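# Examination of the molecular architecture
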Amino acid sequence: VGIDDVWPRIEHVLDTRPDIVDADGADPLPVVAGHVEFDRVEFRFPHAGNERPVLCDVSFTIEPGEKLALVGRTGSGKSTIAALLTRLFDVSGGAIRLDGRDIRTLPLAQLRGAVGVVPQDPFLFSTTLEENIRFAAHDSTEAEVQEAAAAAGIARDIESFPDGYRTQVGERGIMLSGGQKQRTTLARAILADPKVLVLDDSLSSVDARTEREILTSLERVLHGRTSIVITHRISTIQDADRIAVVDDGRIVEIGDHHSLLARNGIYTELFRQQRLEEELAAL
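### Describing helix α5 (residues 142-151)
Every buried residue belonging to α5 is among Val145, Ala148, Ala149 and Ala151, and all of these are buried. Each buried residue of α5 sits inside an arc of 160° when the element is viewed along its axis, so together they form one side. Packing partners of the buried residues in α5 comprise α4 (129-133), α6 (155-160), α7 (178-192), α8 (208-217) and α9 (219-222). Count one or two residues on from α5 and you reach glycine 153, which has phi positive near 75°.

See below:
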């Protein structure tokens, strides 16, 4: 394939305009406190025809500094909630508000600077570990980079490498394990210091014990910061202020760990199933 064949495709990509852009007259918030509200949110993927919505009538609020956990079966719609909060897509109905403002009226740069998302599938650049962590905070000091790495549970691994923080990670982080990649992107988000931090099953590649240790070390980072923890492991989020159970695109239960167990509903079923799996794995 010659350049004459490839260049038109490159031009097509360069000329493509994003669907999500700043609204006319988008006005920034003077200060971001971190109050998040989903108000009867409905979502269908664009150009997907008349299929049933991925999310339907999803409503909840998170006060500044609160931790909300989202749990549910695979494909229930948990990660879609994170995608909508940063306007990777726009809602099909209802509204999402940050500090009382519809996020569609905010500049994208402010919204995405205020909301940090650590995805389940991390992306690393083909450069050093230090530069990957510094990506969203170029002016940070070496000490701040190391502090973020420690909070994310990756500092000990980095220090074991011959080149330490100057270790080249390779294309898309090929030199690292899945858990190391996830913890590196977590350190990146911590260093960026967003007012709202979303962990979208971002520790799925580590075992349950390691996940609990990392979340415990994150308590200082999360203190006073609005956080949404999306996970398939109920055992790691029992201390959340509130837990919302997502099922088939809807919030079907919400409360703290003990009140949800008392309902003997989907949360209780998931909790018992996972506890049994952990007991069997320990045999």
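### Examining the layout of surface pockets
Size it by volume and the largest pocket reaches roughly 600 Å³. Of all elements in the fold, only α2 (78-85), α3 (108-114), β6 (115-118) and α7 reach the threshold of two or more residues within the lining of the largest pocket. In terms of residue class, the lining of the largest pocket is built from 15 nonpolar, 5 polar and 4 charged. Here the second largest pocket is characterised by a volume of approximately 350 Å³. Looking at the second largest pocket, it is lined by 21 residues, and the ones nearest its centre are Gly72, Arg73, Thr74, Lys78 and His232. If you list the elements that add at least two residues to the lining of the second largest pocket, you get α2 and α11 (266-282). Among the elements that line the lining of the second largest pocket, the one with the most residues is α11, at 4 residues. Tallied by class, residues from the lining of the second largest pocket come to 4 nonpolar, 12 polar and 5 charged.

### Quick word on α7
Across its 15 residues, α7 extends 22 Å between first and last C-alpha, which sits within 8% of the 21 Å expected from 1.5 Å per residue. Following α7 by one or two positions, aspartate 193 has its phi on the positive side, about 60°.

### Details of the packing of aromatic side chains
One pass over the structure, following the stated rule, counts 6 aromatic pairs. Ring centres of phenylalanine 45 and phenylalanine 89 lie 5.4 Å apart, and the angle between their planes is 85°; this geometry places the pair in the edge-to-face category. With phenylalanine 45 in the loop between β1 (36-43) and β2 (55-62) and phenylalanine 89 in the loop between α2 and β4 (93-98), the pair connects residues that are 44 residues apart, well separated along the chain. Given the relative accessible area of 38%, phenylalanine 45 is considered partly exposed.

Cut-offs applied
- Each chain carries its own residue numbering, running from 1 in the written order of its sequence.
- The predicted nature of this model means local features are confined to residues of pLDDT at least 70 and side-chain atom pairs, given and counted, to a pLDDT of 80 or more, with totals for whole chains, interfaces and linings taken over all residues.
- In computing side-chain properties, one takes all heavy atoms of the structure into account and sets aside hydrogens as well as water.
- Exposed residues in this analysis have more than 50% of their type's maximum accessible area, buried residues have under 20%, and partly exposed residues fall in between, with area computed by a 1.4 Å probe over protein chains only.
- Helix and strand labels come from DSSP, where a helix needs a run of H or I of at least four residues and a strand needs a run of E of at least two; each type is numbered from the N terminus.
- It is the directions from the helix axis to the C-beta atoms that the arc portrays.
- Any two residues having at least one pair of non-hydrogen atoms within 4.5 Å are treated as being in contact.
- Only protein atoms enter the calculation, which uses a 1 Å grid: trapped sets of points that fit a 1.4 Å probe without letting it out are cavities, open sets showing protein on both sides within 12 Å along at least five of seven lines are pockets, and any residue with an atom within 4 Å of a point is a lining residue.
- Grid points are joined across faces, edges and corners, and a volume is the space filled by probe spheres set on the points.
- When residues are grouped by polarity, Ala, Val, Leu, Ile, Met, Phe, Trp, Tyr, Cys and Pro land in nonpolar, Asp, Glu, Lys and Arg in charged, and all others, Gly among them, in polar.
- One less than the residue count of a helix, multiplied by 1.5 Å, gives the span that helix is expected to have.
- A pair of aromatic rings is counted whenever rings of Phe, Tyr or Trp (Trp by its six-membered ring) have centres within 6.5 Å, and the orientation is called stacked for planes under 30 degrees apart, edge-to-face for over 60 and tilted otherwise.

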